[in-house]
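Breakdown of the fold
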Amino acid sequence: MRAALTGTPGTGKTTVAKLLPYRVIDLNALVRDEGLSLGTDPERGCLIADVDALAERVEELAPEGDEEIVILEGHFSHQLASEAIVLRTSPGVLRERLKLRGYPEKKVRENLEAEALDVILVEAAEWCDRVSEIDTTGKSPQEVADLVVRILGRVIAMPPGNIDWTGEMEFDP
Ligand code: ADP
Ligand code: MG
């Protein structure tokens with residue numbers, strides 16, 4: 001089975017995926033390395049994934065019917081799996097991480113607003129049969145990875161709905 005590790009940029013997907021005892025498919029790398037894109041987003045400068053081509057390739061690499069757990073990692077991975085784990089991070093903490101990455105202020109704000117408004121969570125709920133949500137704020141990457149393993153092992157359940165960042169963000173009028 002495929003499980004998507006998704007979330008707003010900076011929430012720790014790549015870091016946590018490296019600590020998981022499963023095969024991981026980095027979707028951004030797959031798009032880049034195999035040319036599965038429709039071009040470059042002129043505003044953001046990033047590749048636009050060809051989701052249909054990507055879905056076909058992912059099904060080859062990790063058939064959904066297989067017993068093996070395979071992690072799809074990336075901020076649109078929830079479009080390619082029936083189960084998603086959404087990583088969340090307090091906008092205040094996320095802001096510092098995205099600034100450290102060298103994102104321009106506009107891109108930082110865009111991502112903080114997406115996080116505050118649960119954009120990825122809402123998308124995951126639309127695409128997937130089962131969605132879990134982990135608040136990574138104040139947790140180490142290893143602690144988050146351990147939670148992912150326990151969720152996928154059905155040892156614990158972390159259903160969405162317990163996180164609310166709306167008090168943390170000021171929005172432009
Ligand atoms: P993503 O892949 O979701 O964009 P990354 O895994 O690249 O996010 O993480 C972004 C930054 O945040 C990295 O510098 C990483 O070291 C740091 N980071 C990730 N997870 C945590 C965590 N749980 N606690 C503290 N720092 C973290
Ligand atoms: Mg990443």
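Look a little higher up for the structure.
Here's a quick rundown of the structure. (Residues numbered from 1 in each chain as written. Chains lettered and ligands numbered in written order. Predicted model: local features only at pLDDT ≥ 70, side-chain atom pairs only at ≥ 80, totals over all residues. Heavy atoms only, no water.)

**Regarding helix H5 (residues 105-116)**
- Under the 1.5 Å per step criterion, the end-to-end length of H5 is 16 Å for 12 residues, consistent within 8% with the ideal 16 Å.
- Listing the buried residues of H5 in full gives Val108, Asn111, Leu112, Ala114, Glu115 and Ala116.
- Tucked into the core, H5 has its buried residues touching strand E6 (83-88), helix H4 (91-100) and helix H6 (119-127).
- Asp118 sits one or two residues past H5 and shows a positive phi near 60 degrees. (Helix = DSSP H or I, 4+ residues; strand = E, 2+ residues; numbered from the N terminus. Expected span 1.5 Å × (residues − 1). Buried < 20%, exposed > 50% of the residue type's maximum accessible area, 1.4 Å probe, protein only. Contact = heavy atoms within 4.5 Å.)

**Examining the side chain of Thr89**
- With respect to the helices, strands and loops of the structure, Thr89 is situated in the loop between E6 and H4.
- Judged by relative accessible area, which is 0%, Thr89 ranks as buried.
- What Thr89 contacts, discounting residues up to four positions off in sequence, is Thr11, Leu94, Arg97, Glu115, Thr136, Thr137 and Trp165.

**With respect to the site of ligand 1**
- Contacts to ligand 1 come from Pro9, Gly10, Thr11, Gly12, Lys13, Thr14, Thr15, Arg97, Arg101, Lys139, Ser140 and Pro141.
- Contact distances for ligand 1 include 3.4 Å between a nitrogen atom and a side-chain N or O atom of Arg97.
- For ligand 1, a nitrogen atom lies 2.8 Å from a polar atom in the backbone of Lys139.
- When ligand 1 sits alone it has 560 Å² of accessible area, and the protein chains cover 69% of it.
- Mapping ligand 1 onto the cavity grids shows that it belongs to the largest pocket.
- The element that contributes the greatest number of residues to the shell around ligand 1 is helix H1 (residues 13-17), accounting for 3 residues.
- Residues of the shell around ligand 1, tallied by class, amount to 2 nonpolar, 6 polar and 4 charged. (Near = heavy atom within 4 Å. Polar contact = N/O pair within 3.5 Å; in protein donor to acceptor, adjacent residues only side chain to side chain. Areas by Shrake-Rupley, 256 points an atom, 1.4 Å probe, with all protein chains shown as cover. 1 Å grid on protein atoms, 1.4 Å probe; cavity = no way out; pocket = protein on both sides within 12 Å on 5 of 7 lines; lining within 4 Å. Sits in = over half its atoms within 2 Å of the grid points. Nonpolar A, V, L, I, M, F, W, Y, C, P; charged D, E, K, R; others polar.)

**A short note on the packing of H4 against H5**
- Closest axis-to-axis distance for the H4/H5 pair is 10 Å, and the angle between their directions is 150 degrees. When the interaxial angle is binned, H4 and H5 end up roughly antiparallel. Between H4 and H5 the crossing geometry is right-handed. When H4 is examined against H5, the residues Pro91, Leu94, Arg95, Leu98 and Lys99 are found in contact with a partner set consisting of Glu105, Val108, Arg109, Asn111, Leu112, Glu115 and Ala116.
- Residues that form the contact of H4 with H5 fall into these classes: 6 nonpolar, 1 polar and 5 charged. (Axes fitted to C-alpha atoms, helices over the stretch in contact; angles between N-to-C directions. Parallel < 35°, antiparallel > 145°, perpendicular 65-115°, else oblique. Left-handed = near helix turned anticlockwise from the far one by under 90°.)

**So, the nonpolar core**
- Core analysis: the biggest nonpolar cluster contains 22 residues, and Ile25, Leu27, Leu30, Leu54, Val58 and Leu72 have the highest contact counts within it.
- Counting only elements with at least two residues in this core, the list comes to helix H2 (27-33), helix H3 (51-61), strand E5 (70-73), E6 and H6.
- When sequence neighbours within four positions are dropped, the list of residues in contact with Leu27 reads Val58, Leu72, Glu73, Phe76, Ser77 and Leu80. (Core = buried A, V, L, I, M, F, W, Y, C linked by side-chain atoms within 4.5 Å.)

**Describing the sheet that holds strand E1 (residues 2-7)**
- Reading across the sheet, the 5 strands line up as E2-E5-E1-E6-E7 and stay open at both edges, with parallel pairing between neighbours. Two strands bound the open sheet, and with one partner strand each, they are strand E2 (23-26) and strand E7 (130-135). Between one strand axis and the next, the sheet turns by 25 degrees as a mean value, whatever way the strands run.
- Bridge count between E1 and E5: 4 bridges; the pairing is parallel. Pairing of Ala4 across the sheet is with Leu72, part of E5.
- Most of the contacts of helix H7 (residues 141-152) go to E6, to which it runs at about 155 degrees, and overall it touches E1, E5, E6 and E7. (Pairing = 2+ DSSP bridges.)

**Quick word on the layout of surface pockets**
- There is about 1,100 Å³ of room inside the largest pocket.
- Along the wall of the largest pocket there are 31 residues; nearest its centre are Pro9, Asn28, Cys46, His75 and Tyr103.
- Element by element, the count of residues in the lining of the largest pocket is highest for H5, at 4 residues.
- Looking at the lining of the largest pocket, its residues break down into 12 nonpolar, 9 polar and 10 charged. (Points joined across faces, edges and corners; volume = space filled by probe spheres on them.)

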